[in-house]
Amino acid sequence: MLSNTSLQGRAYFTSAFLSRTRWKSVLLLLLSVSAQAANEQADTPLAYYRLDPLANKRILPHSSPKTLGEPGGKLTLAGCRDEYESTSFAVYARQDLKNLRLEIRNLRSVGHVIPRSSFDPYVVKCWYQAGRDVMFHDGVKRFVPELLLKDDDLVRVDSESETNSVRSVAEGGSTEYLPASGKDPKALEELRPIDAATLQPVTIPADTLKQFWLTLHIPKDAAAGKYTGSIRLSAKSMKSVDIPIDVTVYAFELAQPKMIYSIYYPGKLIDEQPMGTIAAHYKSEEQMRAELSDMVAHGVRYPNLWQAYSEELVPRALQLRKEAGMPNDRLFINMPAGAPHHSAGKIEGWRKLTCSFGYKDIYLYGEDEAHGNQLRIQKPSWENVQKAGGKMYASAWKEDPFEVMGSRLNVLVWSGGCQPEKAKRWHSVGSEIFSYSNPQVGVEEPLLYRYNYGLALWKADYDGAMPFAYQWAYGHIWNDFDSEKFRDHCFSYPTTNGIVGTIQWEGFREGVDDVRYITTLEQAIEKAGDTEIARTARRWLAGLKAEFPQQKVGWKSQPTPPKDLEEIRSRAVSLINQLMSQP
């Protein structure tokens with residue numbers, strides 16, 4: 001007869017044995033399913049890999065798929081109504097894939113649909129550029145992903161000669177490819193680039209990768225909840241591949257950012273060139289309308305105005321801004337105050353010209369990056385502008401104009417890394433501080449723009465951003481190699497009827513959205529009052545703000561941008577939901 005101890009031991013052994021056996025069976029089943037999925041992937045002429053769209057990791061045609069993690073899986077997106085969110089994936093071709101097509105299906109929830117038209121798909125085009133920094137570039141050719149194209153063949157690259165060419169469409173419809181890597185900007189004088197309206201089939205050579213980019217504009221009337229759908233990849237002589245995709249729509253509304261997002265925008269209308277140009281400056285109404293709408297979609301609602309004083313052209317430009325949905329509480333005009341005896345009259349003239357659009361605060365621009373005597377001689381003009389009811393904004397980097405100007409400067413656009421003490425100083429006289437050149441526009445690193453023009457601004461108590469520039473060229477804007485010192489500064493590239501976007505521009509948008517989520521959380525905390533969850537949220541925000549608020553002046557000497565921005569976003573969402581669910 002067995003003792004109680006023996007029975008307990010046998011019971012323990014039996015339970016443990018069954019437990020281990022059960023786990024072993026589960027593990028074998030999971031390995032079997034994984035192997036089956038891997039075999040199914042291996043049987044297809046392609047494999048797809050999920051990507052972090054805003055990482056600074058370059059996905060090039062000959063990148064090793066082994067560096068991208070496991071193939072397959074589900075794409076996931078989350079956001080608020082009327083928000084833009086992006087995801088990305090790469091297709092690896094095991095054999096030549098000709099005319100690969102991408103078909104997005106409607107996403108469905110219980111009783112609700114996000115239509116496939118809410119997605120905007122692109123291919124990410126890699127091409128040759130003249131360096132990393134856009135200022136005083138090193139001239140070393142770099143092959144980088146940058147352009148978001150509907151037609152992959154708009155830009156061609158020759159890997160042997162390391163050159164680019166851009167397709168030009170004549171008014172009669174004929175096409176030719178023009179060289180876009182030489183030192184002569186005149187080579188592109190006749191360029192008329194036109195991208196396709198929809199994503200075109202893509203050819204992917206064997207043993208290469210092609211990155212795809214999806215931007216979702218969540219409908220304004222979308223019901224909160226989780227939506228599921230798929231993306232189908234298909235081509236002749238291959239079995240189609242479906243990529244599952246999930247979208248979560250949050251129940252709360254996303255606030256506008258507490259900061260002002262502006263940008264240097266040199267685009268202007270001109271009667272002599274009503275069809276516009278392929279350049280940063282002279283635009284047709286069609287081009288300007290597309291560019292202003294693009295800015296609003298990326299969170300930039302206050303671009304400065306470069307339109308010269310004109311009773312005809314200024315109202316036309318302001319009407320386009322109104323149609324794009326830009327606010328009218330302030331207008332930054334890229335025009336200096338001028339001589340003291342003219343400065344008050346300039347404000348009065350601009351106020352008359354803009355009054356029918358309801359603009360409240362009119363800002364004139366100080367001499368660009370003035371310092372020393374060039375700064376000091378502007379003092380009487382700035383004073384007269386303010387006496388006439390106007391305001392002043394100006395950029396600076398060599399000399400902080402605080403001691404010279406103080407409250408005579410309403411908005412300082414300060415170059416370089418964010419400096420909390422500088423913000424505190426300018427706030428002490430009732431002025432604001434914006435950031436620019438952190439870095440200038442054009443570096444093909446989306447995570448850099450997301451952080452430096454997003455949470456970094458918030459941590460340093462900055463009031464806004466005004467990077468340089470939406471578009472700016474030192475030769476021809478589609479050629480990065482025709483200037484010995486500077487690379488072109490582009491968040492987008494002009495076409496005859498619109499724009500071609502970039503991955504760095506998408507990173508900037510996510511930075512704006514990071515600030516919008518923080519702003520939404522701060523508003524929810526204030527509304528909640530002194531509750532336990534509000535106190536928890538305040539402590540979390542205080543801790544987040546204390547993490548590295550001071551940046552080094554030069555962006556290249558700053559630490560790598562944080563990689564936990566999505567985790568920060570998720571934490572903010574969780575706290576907002578908890579605060580808003582309180583009775």
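Structure's up top.
Only a predicted model underlies this, so the values are computations on that prediction, with no experimental measurement involved.

Analysis parameters
- Residues numbered from 1 in each chain as written.
- Predicted model: local features only at pLDDT ≥ 70, side-chain atom pairs only at ≥ 80, totals over all residues.
- Heavy atoms only, no water.
- Helix = DSSP H or I, 4+ residues; strand = E, 2+ residues; numbered from the N terminus.
- Rg over C-alpha atoms; globule rule 2.2 N^0.38 Å.
- Buried < 20%, exposed > 50% of the residue type's maximum accessible area, 1.4 Å probe, protein only.
- Contact = heavy atoms within 4.5 Å.
- Areas by Shrake-Rupley, 256 points an atom, 1.4 Å probe, with all protein chains shown as cover.
- Pairing = 2+ DSSP bridges.
- Axes fitted to C-alpha atoms, helices over the stretch in contact; angles between N-to-C directions.
- Core = buried A, V, L, I, M, F, W, Y, C linked by side-chain atoms within 4.5 Å.
- 1 Å grid on protein atoms, 1.4 Å probe; cavity = no way out; pocket = protein on both sides within 12 Å on 5 of 7 lines; lining within 4 Å.
- Points joined across faces, edges and corners; volume = space filled by probe spheres on them.
- Nonpolar A, V, L, I, M, F, W, Y, C, P; charged D, E, K, R; others polar.
- Expected span 1.5 Å × (residues − 1).
- Arc of directions from axis to C-beta.
- Patch = residues over 30% accessible without salt bridge, like charges linked within 9 Å, V, L, I, M, F, W, Y side chains within 5 Å.
- Salt bridge = Lys/Arg side-chain N within 4 Å of Asp/Glu carboxyl O.
- Lys, Arg positive; Asp, Glu negative; His and termini not counted.
- Charge placed at Lys NZ, Arg CZ, Asp CG, Glu CD.
- Polar contact = N/O pair within 3.5 Å; in protein donor to acceptor, adjacent residues only side chain to side chain.

A word on the overall build of the chain. Each helix and strand in the chain was counted, giving 13 helices and 28 strands. Over its C-alpha atoms the chain spans a radius of gyration of 27 Å, differing by no more than 12% from the 25 Å that the globule rule assigns to 583 residues. The buried share among the 583 residues of the chain stands at 53%. Considering only intrachain contacts with a sequence separation of at least 6, the fraction spanning at least 24 residues in the chain is 70%. Summing over all exposed atoms, the chain offers an accessible surface of approximately 26,700 Å²; the carbon and sulfur share of this is 52%.

Once that is clear, we can look at the sheet that holds strand 10 (residues 163–169). Strand order in this open sheet of three strands is 9-10-11, and the pairing throughout is antiparallel. Since the sheet does not close on itself, it has two edges, and those belong to strand 9 (155–158) and strand 11 (175–179), each with one partner. Strand-to-strand, the axes of this sheet are offset by a mean angle of 30°, without reference to chain direction. With five bridges connecting them, strand 10 and strand 11 associate as antiparallel partners. Within strand 11, the position partnered with Val169 by the bridge is Thr175.

Moving on, we get to the nonpolar core. Core analysis: the largest hydrophobic core is formed by 88 residues, its most contacted members being Met295, Trp350, Phe508 and Leu521. Looking at this core element by element, the count peaks at nine residues for helix 11 (residues 503–528). Residue contacts for Trp350: discarding those within four places in its chain leaves Leu305, Gln307, Tyr309, Val314, Ile333, Met335, Ile362 and Leu364. Core analysis: the second largest hydrophobic core is formed by 51 residues, Phe119, Leu154, Ile218 and Tyr227 among them.

Before going further, it helps to examine empty space enclosed by the protein. By the definition in use, this model includes three cavities of 30 Å³ or more. The calculated volume of the largest cavity comes to roughly 50 Å³. For the lining of the largest cavity, the element with the highest residue contribution is strand 19 (residues 330–332), accounting for three residues. Classifying every residue of the lining of the largest cavity gives seven nonpolar, no polar and three charged.

In a regular helix each residue adds 1.5 Å, so 12 residues correspond to 16 Å; helix 3 (residues 313–324) covers 17 Å between its end C-alpha atoms and thus fits that length. Those residues of helix 3 lying buried are Leu313, Val314, Ala317, Leu318, Leu320, Arg321 and Ala324. Viewed end-on, helix 3 has its buried residues packed into an arc of 150°, placing them on one side of the element. Looking one or two residues past helix 3, Gly325 carries a phi angle of roughly 90°, positive in sign.

With that out of the way, let us pick up a negative patch on the surface. Where like charges cluster on the molecular surface, the negative patch consists of Glu176, Asp184, Glu189 and Glu190. Along the polypeptide, Glu189 turns up in the loop between strand 11 and strand 12 (202–204).

This part is about the side chain of Gln551. Here Gln551 is to be found in the loop between helix 12 (532–545) and helix 13 (565–580). Judged by its relative accessible area of 9%, Gln551 is buried. Within the structure, Gln551 has its side chain in polar contact with the backbone nitrogen of Cys418 (distance 3.0 Å). In terms of polar contacts, Gln551 uses its side chain to reach the side chain of Asn438, at 3.0 Å. Not counting residues within four places of it along the chain, the set of residues in contact with Gln551 comprises Gly417, Cys418, Gln419, Asn438, Tyr451, Asn452, Ala456 and Gln558.

Turning to the sheet that holds strand 20 (residues 361–365), a few remarks are in order. Spatially, the seven strands line up as an open sheet ordered 16-24-23-22-21-20-19, and their pairing is parallel. Edge positions in the open sheet fall to strand 16 (260–261) and strand 19, since each of these has one partner strand only.

Looking at chain direction, strand 8 (residues 142–149) and strand 28 (residues 499–502) are connected through two bridges and run antiparallel. Its bridge partner lying in strand 28, Leu148 is registered against Gly501. Following strand 27 (residues 492–494), the chain reverses through four residues before pairing antiparallel with strand 28.

This part takes up the pattern of salt bridges. Under the definition given, this model contains 40 salt bridges. One salt bridge connects Glu522 with Lys258, and the closest N-O pair in it is separated by 3.1 Å. Taken together, the residues Glu522 in helix 11 and Lys258 in the loop between strand 15 (241–249) and strand 16 connect sequence positions 264 residues apart. Taking relative accessible area as the criterion, Lys258 reaches 48% and is therefore assigned partly exposed. Salt-bridge contacts for Arg376 lead to Glu399; the nearest nitrogen and oxygen are separated by 2.9 Å. Separated by 23 residues along the polypeptide, Arg376 in helix 5 (residues 373–376) and Glu399 in the loop between strand 21 (391–396) and helix 7 (402–405) bring together distant segments of the chain. A relative accessible area of 38% means that Arg376 is categorised as partly exposed. Classification of Glu399 as buried rests on a relative accessible area of 19%. Taken together, the shared-partner salt bridges connect Glu83, Glu85, Arg450, Glu510, Asp514, Glu566 and Arg569 into one network.

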